[in-house]
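Spelled out from the first residue to the last, the chains are:
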Amino acid sequence: MKVTIFGTGYVGLVTAGCLAHKNHEVLCYDTDNDRIKKLDNGLVPIFEPGLDNIIAEGIGSGKLLFTSSPQEALRSLDIIILCVGTPDKGSGETSLIAIESCAKTISDISSQSVPVLIKSTVPVGTSVKIQYLINKGLKERKLDIKIPVASNPEFLHEGVAISEFYNPDRIILGTKDQEVIKATIKLYEGLMPESQEILVMSPESSELTKYASNSFLATKISYMNQLSQFCSLVGANIDDVRKGMGPDPDIAPGYLYAGCGFGGSCLPKDINSLIYQAGEKGRDLSILKAVREVNENQKKYLFSIAASLFSNEFKDKKVAIWGLSFKPETDDMRGAPSLTIIKKLLDSGAKVECYDPVVSQDREKFNIQNESLRLGTDPYEVVRDADCLIICTEWNEFKNINYKKLGSLMNRKTILDGRNILFPKEAALNNFEYFDIGRTSINQR
Ligand code: UGA
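Scope of this entry: the structure provided in the associated data block. (Residues numbered from 1 in each chain as written. Predicted model: local features only at pLDDT ≥ 70, side-chain atom pairs only at ≥ 80, totals over all residues. Heavy atoms only, no water.)

1. A word on the overall build of the protein
The secondary structure content of the protein amounts to 16 helices and 14 strands. In summary, the protein has a C-alpha radius of gyration of 24 Å against a globular reference of 22 Å for 445 residues, a match within 12%. The principal-axis extents of the C-alpha atoms in the protein amount to approximately 75 × 45 × 40 Å. Taking as baseline every contact in the protein between residues at least 6 positions apart, the subset at least 24 positions apart corresponds to 71%. Accessible area of the protein: about 20500 Å², with a carbon and sulfur share of 50%. One way to put it: in the protein the 52 positive side-chain charges average out to a point 2 Å from where the 57 negative ones average out. (Helix = DSSP H or I, 4+ residues; strand = E, 2+ residues; numbered from the N terminus. Rg over C-alpha atoms; globule rule 2.2 N^0.38 Å. Contact = heavy atoms within 4.5 Å. Areas by Shrake-Rupley, 256 points an atom, 1.4 Å probe, with all protein chains shown as cover. Lys, Arg positive; Asp, Glu negative; His and termini not counted. Charge placed at Lys NZ, Arg CZ, Asp CG, Glu CD.)

Right, dumping it as structure tokens:
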């Protein structure tokens, strides 16, 4: 199929690369001319394992092209996929500027019937709204063509997005239009879930499924995080509790890992948006407000342990941070717990040195300016003379910690493990003070 993708962000590029790999002819359109030029030269602006390769492969085979010309993007095609950003306006309300501008471009320029799939995460009712805008534009041009709009949310996880695109656990399509269903089946041929079925439902249900899924995952995490603090006080181990809960198929093992809080561009934004959407209809999604509040507190939990260890006196203290991204295998720091912890430390007067396997390689990504903050390129260099090491991301390289080297460099041998990646006994054997998330006991603070 000839596929045009609007938006060359994370979802757009993964979708484009994977569809080109499956022999579709993919044209990526973006209004950002510089970005398009870079992509044309094979320069991929985001870090996602395997993405560089499939983009290079697509460019090499001629199956993947880039353009900033809307006329070219809409010249001759079988399907359009919208993957533009839908950021939070700040209040939880989702900005639809980019997606509405896609609708305008499509209705102003298109001259043929073609289905549109919305992959961007959009509030309930957006597909219908975009359909209305496109129909209105076409009517003004007195064009008798059909551009049906459907919702087709993505469920990819950053870090493993490409393998998940090839093996989805479900494909959801919000439409009643038979032509769109047919086109979508053709698009995903060879990329179907195990059931070999596309789940077809109303656009509203499809849009809400996306928010409901991410909010549910966030709820599981906040539940475990809140329990983990209780575990530390009563001698229980959250990891054992997790192992005990997970085998129950009604619970499922995923998203039961306690940590220093969830981050990313999706979970925090989507719970905010769903709370806002419900609020607009006079409904209080209090359960998600609690999830959000627990998460905000959890992001401060490790700082509170450090504060109690140093009796709230951070003036002459240096704290090392390992891991900046919101999770491993990505350079994405949006909503990352590391940012909350760093801010609290700097506000308290501590010196902070950070290391991250990917972010440290690309200083431009790390734009916090503070004279007490340094970004290092070696994990052991940043712990020199530190009074405490805080692990914020579970990168593999942190799991093979060299206690001897670490101990010889640190001023005070203290580790706060925000992702439960080390073994408490091993840390104790190496004479480290060690605190984690709900596995080791702490005295009531
Ligand atoms: C999330 C969803 O999980 C995907 O299903 C969805 O498609 C995606 O958003 C999206 O909307 O695009 P992602 O943002 O890549 O995916 O991040 P996750 O892997 O879900 O992790 C989110 C945060 O939760 C991370 O900070 C992670 O460390 C934390 N987490 C995850 C936990 O603290 N405990 C867990 O058990 C799992």
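2. Observations concerning the packing of aromatic side chains
Enumeration according to the criterion identifies seven aromatic pairs in this entry. Between Y355 and F398, the aromatic rings sit 6.1 Å apart at their centres with planes inclined by 65°, giving edge-to-face as the arrangement. Taken as a pair, Y355 in strand β10 (residues 351-355) and F398 in helix α14 (residues 396-399) lie far apart in primary sequence, 43 residues in all. Just as Y355 is buried, F398 falls in that class too. Counting every residue linked through ring pairs, the aromatic cluster contains W322, Y355, Y380 and F398. (Phe/Tyr/Trp six-rings, centres within 6.5 Å; stacked < 30°, edge-to-face > 60°. Buried < 20%, exposed > 50% of the residue type's maximum accessible area, 1.4 Å probe, protein only.)

3. So, the pairing of strand β7 (residues 171-174)
With burial as the criterion, each face of β7 is covered, one bearing I171 and L173 and the other bearing I172 and G174. Remark: the β7/helix α8 (residues 178-187)/strand β8 (residues 198-201) crossover connection has right-handed handedness. (Right-handed = clockwise from strand over helix to strand, strands pointing away.)

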